[in-house]
Each structure stands twice: as C-alpha cells, then as structure tokens.
Amino acid sequence: MTVAAERIARLEELARAATKAGDHDRARYYVRLARRIAERNRLSLPTSFKRFTCDDCDAYLLPGENARFRLQNGHVVVTCSCGAHARYPYDE
Ligand SMILES: [Zn+2]
C-alpha cells in the first residue's frame, strides 16, 4: 500500500469516528482531504469510501446517524441527510 493509500484509509477511519461523535463538519473535512489526496496521486478511492460518502455534500454516511440504507430490487439505496440518493448493486 502506498503512503497516499494509507492516508486515505486513515482519513476514512477518522471521518467515520467524527460522524459517530456527531462532528459532521470535521467528517466532511476528512472526506474532502481524502478525495484531494486521491486526485493528486491519481488513485481511485476504495469501494468502501465511495459507498459511505455522499457525492453531494461530502458527508461520511453512517446508518442511523445521517444516512438511511435500504434494499430495493437487488440494489442498496442510500439516502443522505442532505437528501441525495446513491444506489449500487447489492452483491457487488
Ligand atoms: Zn449528502
């Protein structure tokens, strides 16, 4: 794992912890920072990162905290508290 990839993984953990603590602004800061690092290093973000972040508002999505996850026709539909939806296949 490259240094950049490790930093992204670490930022994902920090964003999750900040969201759990109710500090959503801080979580967004970590999410944005991780996206910038990925861009600068031409890395693609880990699948888990893409699944658990909102493309619209950069929130880290935590079920029961700021996001709703539900199953629909073999897809997972994620609704962020900002109102944005994302969907992806269930068994990917
Ligand atoms: Zn959002």
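Computed from a prediction, not measured in an experiment: that's the story for all the values here. Here, residues in each chain are numbered from 1, in the same order as that chain's written sequence. Per-residue local features of the predicted model are confined to residues with pLDDT of at least 70, and side-chain atom pairs are confined, for both listing and counting, to 80 or more; whole-chain, interface and lining totals are unaffected and use all residues.

Quick word on the overall build of the protein chain
Within the protein chain, the regular secondary structure consists of three helices and three strands. Strands are runs of DSSP state E lasting at least two residues, helices are runs of H or I lasting at least four, and both sets are numbered from the N terminus onward. Helices and strands appear in the protein chain in the N-to-C order α-α-α-β-β-β. In terms of overall dimensions, the protein chain is globule-like: its C-alpha atoms have a radius of gyration of 13 Å, near the 12 Å expected for 92 residues. Projected onto its principal axes, the C-alpha positions of the protein chain cover 40 × 30 × 20 Å. In the protein chain, which comprises 92 residues, the share counted as buried stands at 23%. Contact between residues is assigned whenever the C-beta positions, reconstructed from backbone atoms, fall within 7 Å. Restricting to contacts in the protein chain with at least 6 residues of sequence separation, those with at least 24 account for 44%. Radius of gyration: over C-alpha atoms. The globule rule applied is 2.2 Å multiplied by the number of residues raised to the 0.38 power. Three exposure classes are used, all based on how many other C-beta atoms lie within 10 Å of a residue's own C-beta (placed from the backbone): buried at 20 or more, exposed at 12 or fewer, and partly exposed between those limits.

Quick word on unusual backbone geometry
Although it is not a glycine, Asp58 sits at a positive phi angle of roughly 65°. Turning to its location among the elements, Asp58 is positioned in the loop between helix H3 (47-51) and strand E1 (67-72). The backbone of Asn73 shows a phi angle near 50°, a positive value even though the residue is not glycine.

Comments concerning the environment of Arg26
Secondary-structure assignment places Arg26 in helix H2 (residues 24-40). Each C-alpha atom, one on Arg26 and one on Arg70, is 26 Å from the other, the two residues being 44 residues apart in sequence.

Points about the nonpolar core
Judged by nonpolar contacts, the single largest core of 17 residues is most densely connected at Ala15, Ala27, Tyr30, Tyr60 and Leu61. At the level of secondary structure, the elements contributing two or more residues to this core comprise helix H1 (3-20), H2 and strand E2 (75-80). Put simply, a nonpolar core is buried Ala, Val, Leu, Ile, Met, Phe, Trp, Tyr and Cys residues tied into one set by C-beta atoms within 7 Å.

Considering the environment of Phe69
By the secondary structure assignment, Phe69 is in strand E1. Taking the number of C-beta atoms within 10 Å as the measure of exposure, Phe69 has 15 and is therefore partly exposed. When the C-alpha atoms of Phe69 and Lys50 are compared, they prove to be 14 Å apart, with 19 residues separating the residues in sequence. The contact partners of Phe69, leaving out residues within four places of it in the chain, are Pro63, Val76 and Val78.

Quick notes on the packing of H1 against H2
Each axis is a line fitted through C-alpha atoms, and for a helix only the stretch in contact is used; angles between axes span 0 to 180 degrees, taken between their N-to-C directions. The interhelical angle for the contact between H1 and H2, taken along N-to-C directions, is 165°, at an axis separation of 8 Å. Taken as axis vectors, H1 and H2 run roughly antiparallel relative to one another. Judged by the sense of rotation from one axis to the other, the crossing of H1 with H2 is left-handed. Of the residues in H2, those in contact with Ala4, Arg7, Ile8, Leu11, Glu12, Leu14, Ala15, Ala18 and Thr19 of H1 are His24, Arg26, Ala27, Tyr30, Val31, Leu33, Ala34, Ile37 and Ala38. In what follows, roughly perpendicular refers to angles from 65 to 115 degrees, roughly parallel to angles under 35, roughly antiparallel to angles over 145, and oblique to any angle outside these ranges. What makes a crossing left-handed is the near helix being turned counterclockwise from the far one by less than a right angle; a clockwise turn instead makes it right-handed.

Focus on the confidence of the model for the protein chain
Low pLDDT means the predicted coordinates in that region are not meant to be read closely. For the protein chain, mean pLDDT is 95; residues scoring 70 or higher make up 98% of the total. Confidence of the prediction at every residue is given by pLDDT, a number between 0 and 100. Considering each helix and strand of the protein chain separately, the mean pLDDT is smallest for strand E3 (residues 85-89), with a value of 93, and largest for H2, with 98.

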